[in-house]
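Structural features, examined
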Amino acid sequence: MDIDTLRGFAYAFFTVLFTLFLYFYIISMYVKDKKGITDYERYSQLALQDELTDAPIEPRHLSHKKG
């Protein structure tokens, strides 16, 4: 088996692997949207409401206090 054949198999393997990752990510986004965990429609407003004075999309939760 020469290096070109090995590169061909690696290319095909990683193409299939990354395609599966992409589809699983899209499915997980769809499921989260249908269950109401995340509302992706609100994030689409970022393109229209991007000024510093606009209201934030989600409230900020500070994990620690500034000292």
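Each value, and the rule that gives it
- Residues numbered from 1 in each chain as written.
- Predicted model: local features only at pLDDT ≥ 70, side-chain atom pairs only at ≥ 80, totals over all residues.
- Heavy atoms only, no water.
- UniProt positions renumbered as here; feature names shortened; annotations may be inferred.
- Helix = DSSP H or I, 4+ residues; strand = E, 2+ residues; numbered from the N terminus.
- Salt bridge = Lys/Arg side-chain N within 4 Å of Asp/Glu carboxyl O.
- Buried < 20%, exposed > 50% of the residue type's maximum accessible area, 1.4 Å probe, protein only.

In the nomenclature of an unreviewed UniProt entry, the chain corresponds to Cytochrome c oxidase, cbb3-type FixQ from the organism Helicobacter gastrocanis.

A word on the UniProt feature "transmembrane region" (unreviewed entry) in the chain. Per the UniProt record, "transmembrane region" (unreviewed entry) is found at residues 6-26. The annotated region residues 6-26 carries 100% helix and 0% strand content, and the separation between its end C-alpha atoms amounts to 30 Å.

Here the focus is the pattern of salt bridges. By the definition in use, this model includes one salt bridge. With its nearest N and O atoms 4.0 Å apart, the salt bridge here joins Arg42 to Asp39. Overall, the relative accessible area of 34% leaves Arg42 in the partly exposed class. What makes Asp39 partly exposed here is its relative accessible area of 34%.

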